[in-house]
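A structural walkthrough
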Amino acid sequence: MTDFANRLISWQKIHGRHDLPWQNTTDPYAIWVSEIMLQQTQVAAVIGYYSKFMTSFPTIADLANATQDEVLQHWSGLGYYSRARNLHHAAQTIMDEHGGQFPQDFDTIQTLSGIGRSTAAAIASFAFHQVQTILDGNVKRVLARHFAISGWTSSPKVEKALWQLAESLLPQSDMVAYTQGLMDLGATICTRSKPKCTACPLVSSCLAQQQQLTAILPTPKPKKSIPEKNTTMLILRQGDEVMLVKRPASGIWGGLWSFPEWDDSVHQDYTAIARNQFGVSTTVDAPLASISHVFTHFKLHIKPQPLSVNQHALQAREANAIWLTIEDALGAAIPTPVRNILLELSSTVAA
DNA sequence: AAGGCGTGGAC
DNA sequence: TGTCCAAGCCT
């Protein structure tokens, strides 16, 4: 056993996290769901979603038998919705091709949609006590500092070196404490800013500490400017109901319900659009305050444009359109800006 | 291989 | 405030 692993394991058992909702179980399903939710998402943001999800879908079979809409509903607001679609699809794969049992073979685990090498290693170590290394943002930061490795840690060259390094450090036992220790150290001690080096079990061998490189490692991702886009969301209203449309299965907010969007760079005759696209007669109301929503790769300026529907239109003319009360819409699989617009609408109505 | 894919915490 | 980036994966 490497000294690195030894010290990490001992530290984790005393100072690590032991009471997160997805710990203290070897149920691969419970661990799997948590690992997917935690991809690129902080623990604090996941906790509420996790318990609700596990209550609604307690087993792989329950998840496989649910509709995609039900699954996305539970993911609404969490982001990266392909995770939910892949999770649902993988549950069906497990039912169809693995007899309903989560596979234990490391390579087979990685064939499931949404599970890459690091997530597979987390599941394999936590659920099956296999000797496989994770390599998430925490581990990259810990290794880049401890071994004074420069270069953006997600560049192919550096990442490959980090995988090899991480493998070389593995213990032959105690994989639960070791894997959790890697994450705990990165999340609570070896943090991006203001790391608590005096409390670190690995400080005595940390090269960044010795060479005073802690503040500049890991090397930050190269900066890139993101484009800005504009869109108008048409809010067709009749009484306390609004119309939502189902977005395409892939792309941003794939499979979620949203307001119909209109590129308003040219046409601004919203009444004509509503008549031509949705077959309803409307009058144009005052637009709501614009919303700016920042994604990883672009910034979206949304102009919410309410339209009052004059005639009875509560039968959706298109298969991908539905009319819902604002209350029901808030419970549907909607992205965050749509939720915020609905909340604004309901407060306006109430006031 | 590089970019698509969400949202919010931390500072 | 804006900036960085988080238990990454997919194409």
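The rules behind each value
Residues numbered from 1 in each chain as written. Chains lettered and ligands numbered in written order. Predicted model: local features only at pLDDT ≥ 70, side-chain atom pairs only at ≥ 80, totals over all residues. Heavy atoms only, no water. Phe/Tyr/Trp six-rings, centres within 6.5 Å; stacked < 30°, edge-to-face > 60°. Helix = DSSP H or I, 4+ residues; strand = E, 2+ residues; numbered from the N terminus. Lys NZ or Arg CZ within 6 Å of the ring centre and 35° of its normal. Expected span 1.5 Å × (residues − 1). Contact = heavy atoms within 4.5 Å. Salt bridge = Lys/Arg side-chain N within 4 Å of Asp/Glu carboxyl O. Buried < 20%, exposed > 50% of the residue type's maximum accessible area, 1.4 Å probe, protein only. Core = buried A, V, L, I, M, F, W, Y, C linked by side-chain atoms within 4.5 Å. Domains from an automatic or database assignment. Axes fitted to C-alpha atoms, helices over the stretch in contact; angles between N-to-C directions. Parallel < 35°, antiparallel > 145°, perpendicular 65-115°, else oblique. Left-handed = near helix turned anticlockwise from the far one by under 90°. Nonpolar A, V, L, I, M, F, W, Y, C, P; charged D, E, K, R; others polar. UniProt positions renumbered as here; feature names shortened; annotations may be inferred. Near = heavy atom within 4 Å. Polar contact = N/O pair within 3.5 Å; in protein donor to acceptor, adjacent residues only side chain to side chain. Lys, Arg positive; Asp, Glu negative; His and termini not counted. Disulfide = S-S within 2.5 Å.

**Side note on the packing of aromatic side chains**
- One pass over the full model with this rule turns up eight aromatic pairs.
- A ring pair is formed by Trp22 and Tyr50, whose centres lie 5.3 Å apart and whose planes are at 80°; its orientation type is edge-to-face. On the criterion of sequence distance, the pair formed by Trp22 in the loop between helix 1 (3-15) and helix 2 (28-37) and Tyr50 in helix 3 (residues 43-56) is long-range, its members being 28 residues apart.
- A connected cluster of aromatic rings, assembled from ring pairs, spans Tyr29, Trp32 and Phe102.
- The positively charged end of Arg117 is found above the aromatic ring belonging to Trp163, 3.8 Å away from the centroid.
- In this structure, Lys229 packs its charged tip against the face of Phe298, placed 4.1 Å from the ring centre.

**A closer look at helix 1**
- End to end, helix 1 covers 18 Å across 13 residues, agreeing with the expected 18 Å (1.5 Å per residue, within 8%).
- Looking at the buried positions of helix 1, the neighbouring elements they touch are helix 9 (137-146) and helix 11 (175-189).

**Quick look at the pattern of salt bridges**
- Counted by the stated rule, this structure contains seven salt bridges.
- With its nearest N and O atoms 2.6 Å apart, the salt bridge here joins Asp184 to Arg17. With Asp184 in helix 11 and Arg17 in the loop between helix 1 and helix 2, this residue pair connects regions lying 167 residues apart in the sequence.
- Classification of Arg17 as partly exposed rests on a relative accessible area of 23%.
- Note that Arg117 and Glu167 form a salt bridge whose closest N and O atoms lie 3.5 Å from each other. In this pair, Arg117 sits in helix 8 (residues 117-128) while Glu167 sits in helix 10 (residues 156-168), placing the two residues 50 residues apart along the sequence.
- Accessibility expressed as a relative area gives 44% for Glu167, which makes it partly exposed.

**Quick look at the nonpolar core**
- Trp32, Phe53, Phe102 and Tyr178 are the most contacted members of the largest nonpolar core, which totals 92 residues.
- The greatest single-element share of this core, amounting to eight residues, is contributed by helix 8.
- Formed jointly, this core draws a minimum of three residues from each of two domains, domain 1 (3-211) and domain 2 (228-350).
- Those residues within four positions of Trp32 in sequence are excluded, and the remaining contacts are Leu87, Ala90, Ala91, Ile94, Phe102, Ile115 and Ile123.
- Within the second largest apolar cluster, 13 residues are counted, among which are Leu234, Ala274, Phe278 and Val309.

**Some points on the packing of helix 5 (residues 68-75) against helix 6 (residues 82-97)**
- Running from N to C, helix 5 and helix 6 cross one another at 140°; their axes reach a closest spacing of 9 Å. Viewed along their axes, helix 5 and helix 6 adopt a mutual orientation that is oblique. In the crossing of helix 5 with helix 6, the sense of the turn from one axis to the other is right-handed. Of the residues in helix 6, those in contact with Gln68, Val71, Leu72 and Trp75 of helix 5 are Arg83, Ala84, Arg85, Leu87 and His88.
- Taken together, the residues of the contact of helix 5 with helix 6 sort by class into five nonpolar, two polar and two charged.

**Observations regarding the UniProt feature "domain: HhH-GPD" (unreviewed entry) in chain A**
- UniProt records the feature "domain: HhH-GPD" (unreviewed entry) at residues 37-188, using the numbering of this structure.
- With 64% helix and 0% strand, the stretch residues 37-188 has end C-alpha atoms that lie 19 Å from each other.

**Here's the deal with the protein's contact with DNA strand C**
- Near DNA strand C there are 25 residues, and of these Glu35, Gln40, Gly114, Asp136 and Asn138 occur at the shortest range.
- In the environment of DNA strand C, a phosphate oxygen lies 2.7 Å from a nitrogen or oxygen atom belonging to the backbone of Gln40.
- Here Arg192 contributes a side-chain N or O atom positioned 3.1 Å from a base oxygen of DNA strand C.
- If you list the elements that add at least two residues to the surface near DNA strand C, you get helix 8, helix 9 and helix 11.

**A few points about the protein's contact with DNA strand B**
- Residues in close proximity to DNA strand B total 22 residues, the closest being Tyr81, Lys224, Trp253, His293 and Thr296.
- At the protein interface, 68% of the atoms of DNA strand B within 4 Å belong to sugar or phosphate.
- At 2.9 Å from a base oxygen of DNA strand B is found a side-chain nitrogen or oxygen belonging to Tyr80.
- Broken down by secondary-structure element, the contributors of at least two residues to the surface near DNA strand B are strand 6 (291-294) and helix 15 (336-350).
- Looking at the surface near DNA strand B, its residues break down into nine nonpolar, eleven polar and two charged.

**Quick word on the side chain of Glu35**
- With respect to the element layout, Glu35 can be found in helix 2.
- Although buried, Glu35 forms no salt bridge, and the nearest oppositely charged side chain, Arg17, lies 9.3 Å from it.
- Once residues within four sequence positions are removed from consideration, Glu35 is found in contact with Thr119, Ala122, Ile123, Phe126 and Met183.

**Examining the state of the cysteines**
- Counted under the stated rule, the structure contains zero disulfides.
- Between Cys197, a cysteine without a disulfide, and Cys206, which holds the nearest cysteine sulfur, the sulfur-to-sulfur distance is 6.4 Å.

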